[in-house]
Each structure stands twice: as C-alpha cells, then as structure tokens.
Amino acid sequence: MIDHHSHLWPHGTRASGPTMADLERFCAAAASRGISRVVLTEHLFRFSEAQSALGAFWEDSTPLPRELYSGDAGLDKALADDMASYWLSHQGASLDRYVEVGLQAKAAGLPLLLGLEVDHYSGLVDKVAALVSSYPIDLVVASVHWLGLWRFDDLDSELSMSVWDRVDVEGVWEAYTNAFCEMARSGIADVAAHPDLVKVTGRVPPDPSPYWERMVAAAAEGGLALEASSAGWRKPIGEQYPALGMIRLGLQSGLCFATASDGHGDAAVGEGMGRLKRFLQAAGVERSALFAIDAGDKDGK
Ligand SMILES: [Zn+2]
Ligand SMILES: [Zn+2]
C-alpha cells in the first residue's frame, strides 16, 4: 500500500535537515506498518524558500472572510499575530536540501517519492505555483488549512478554536469550498488532501452534499485525485477523510483516490492504513481505482 501523504517533522517542532539517515529511518518505520512506498509531503511553509517567495503574507491578508463575520479589530490583529508566529515557528529547512537529499534517497533505492503539501494562499497561487514548479517534485498535495488567517483545524490553538463560536457553520463550509475549488482548478496540485477537512471539529451542516458536489466537480476539472486519509479517525470528527458520501460522488465522477495517513514523524507514518484499505474496499473503491503511482511516473493515476 502506498502512503501518499506523510511528514518527517511533527507540528510544534522546527524543521531541520533532512539527512539520508532520517529518510532511511522514516522508510523503515513506514515499511513496518505495511507501506510499500511513501510519499514525503512536507508543508511548503517549512522551507525558507517559501518565506522568500511569499514574504509576510499575513500582513496583506483578510484575517477572516468578511462574509463570515462583520469584523473586529482585536480579533483581526490576534489572528494575524498568531499566523505569523505559527508560520515562522515551523520554518527552518531548505527546500533545495530537501529535494537534493530526496533525490539521493530515490537514487539509492529507498521506496519514497518526493512531494510537497501546499496550502492555500489567497491571491498568491501564481507565486506558489512558480516556486513549486521550479523543483522536480513527484507529487503535490493541495490543502486548505486556513480561511483568511484563521487556522480552523488547529485544535491546539485556543484562539483558532474560539473563532468557531463566532461563525456560522454553513458559512465556514461555503468559504472552505470556495478556497478548495480555487486550489483544485489552479493546476498546482495532483491530489486534494483531506478533502473535507473543514469537518475536523465535528461541525457539519445538516446536508453537506452540495459542498461535496462542488469540490468533486472542481477536482475533476483540475484533474486531481481525491485523498482518502486515515487522519480523520484521530480527530474529534472520528471519521476518515472524506465522508462516504463524498467518496461515492468521487467514484461517480471517475476520480482516483490517493491513500494516505498524513502521519507526522516515524511514530505515525502509515498509521491507520490497514483500516483505511478495508474501509475503501467496502465502499466499492476497487484496487484498480487506487492511485497507482510508481517512482518517476506522475501519470500513473
Ligand atoms: Zn494537511
Ligand atoms: Zn499533511
């Protein structure tokens, strides 16, 4: 089984390296959980090159989509400060080095592919695309982890979680879907990561199907695979990403699925993948529909 979405560095730790020894250890940990090939998809914001390309993007961003709330100078500033500190604290690695060591590892026969997880930067998609396309990356997974500057899925942030009490759930799903569709149609990515991440805290509209339909349509238009991830089982929602209803819509639209753990670090890579496999098989995702990518073969989906 292939893990299409994994991270070397746990959140809350500064990125460093990586070294060949780091990658060997990581692949061995994945293999011990039955993973035949792992795609490293570090967040782009881990790298100083992202800082150079995007700068202090939080200074020019709308802190929270205005359709979600009427504005509050105190909260706006708090969100901007929080994003700055989150973003800067995750920095520390060099994308040049990540790619160089990743290529060496591939050449040495380690069962890994070189990927990136790219977040949504409203209005900066072109800059992000230019940076990413300048590297020999095998797989790009696109994510929406924040709306404006609000990190709606950061369960460890008291500020982020408090915002949920001030916004309308349907409005949040609408804003998330808009950001998702922009990413999907941008041509920047191969896979839509954790497609219904917006449900992470357990807040789901009575009928999420109109949002699923728009996201699946955008993924089809952008030629993206939908990630199927075990990570949701480890979150308050307690459900895989995406929901079964969205998986069925993806199947009807002929989308491919990219199996993923989104595990962070040696202790978590590949976690829950056996359960995910059983779940997908029961859901009617045929083995042949699983994202079948091999080293250097980006068109294998
Ligand atoms: Zn993510
Ligand atoms: Zn991730």
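See the structure shown above.
Quick look at the structure, then. (Residues numbered from 1 in each chain as written. Chains lettered and ligands numbered in written order. Predicted model: local features only at pLDDT ≥ 70, side-chain atom pairs only at ≥ 80, totals over all residues.)

Let's talk about the nonpolar core
Formally: To count as a nonpolar core, a set of buried Ala, Val, Leu, Ile, Met, Phe, Trp, Tyr and Cys residues must be joined through C-beta atoms within 7 Å. Exposure classes come from backbone-placed C-beta atoms, where a residue is buried if 20 or more other C-beta atoms lie within 10 Å of its own, exposed if 12 or fewer do, and partly exposed in between. Under the DSSP-based scheme used, a helix requires at least four consecutive residues in state H or I and a strand at least two consecutive residues in state E, with every element numbered from the N terminus. Note on contacts: residues are paired as contacts if their backbone-placed C-beta atoms lie within 7 Å.
Of all hydrophobic cores here, the largest spans 86 residues; its most connected members are A142 and F180. In terms of residues, this core owes the most to one element, helix α7 (residues 169-185), which gives nine residues. Look past the residues within four positions of F180 in its chain and what remains in contact with it is V144, A192, M215 and A218.

What about the pairing of strand β6 (residues 225-229)?
Going by this rule: Here, a strand pair is defined by DSSP locating no fewer than two bridges between the strands. Here the term right-handed applies to a crossover when the path leading from its first strand over the helix to its second strand runs clockwise, the strands being oriented away from the viewer.
Of all five residues making up β6, five are buried, and the element is well covered by its neighbours. Judged from the two bridges that link them, strand β5 (residues 191-192) and β6 form a sheet pairing that is parallel. Considered in β6, the bridge of V191 is made with A225. One crossover worth recording links β5 to the parallel β6 by way of helix α8 (residues 209-222), and it is right-handed. Pairing analysis gives four bridges linking β6 to strand β7 (residues 257-260), with the strands arranged parallel. Considered in β7, the bridge of E227 is made with A258.

Some details on the sheet that holds β5
Where we set the bar: Inter-axis angles, ranging from 0 to 180 degrees, are taken between N-to-C directions of lines fitted to C-alpha atoms, where helices are fitted over the stretch in contact.
With parallel pairing, the eight strands of this open sheet are ordered in space as β7-β6-β5-β4-β3-β2-β1-β8. In this open sheet, the two edge strands, each paired with only one partner strand, are β7 and β8 (263-264). Here six bridges tie strand β2 (residues 37-43) to strand β3 (residues 112-119), and the two strands are oriented parallel to one another. Considered in β3, the bridge of T41 is made with G115. In this fold helix α4 (residues 95-107) packs onto β2 and β3, with an angle of close to 150 degrees to the strand it touches most, β3.

Some remarks on α7
For clarity, the cut-off: In this analysis, the expected span of each helix is defined as 1.5 Å times one less than the number of residues it contains.
Taking 1.5 Å of rise per residue, the 17 residues of α7 would be expected to cover 24 Å, and the 24 Å separating its terminal C-alpha atoms lies within 8% of that figure. Turning to α7, its buried residues number three or more, namely V172, W173, E174, A175, Y176, T177, A179, F180, C181, M183 and A184. In the core, the buried residues of α7 are packed alongside β4 (139-143), β5 and α8.

Concerning the packing of α7 against α8
Convention followed: Note on angle classes: values under 35 degrees are labelled roughly parallel, values over 145 roughly antiparallel, values of 65 to 115 roughly perpendicular, and the remainder oblique.
The geometry of α7 relative to α8 is characterised by a closest axis approach of 8 Å and an angle of 10 degrees between their N-to-C directions. As the angle between them shows, α7 and α8 are arranged roughly parallel. Residues W173, T177, F180, C181, A184 and R185 of α7 pack against Y211, R214, M215, A218, A219, E221 and G222 of α8.

Some words on the pairing of strand β1 (residues 2-7)
Extensive coverage of β1 is indicated by the burial of six of its six residues. By the bridge criterion, two bridges tie β1 to β8 in an arrangement that is parallel. Across the sheet, S6 pairs through a bridge with G263, a residue of β8.

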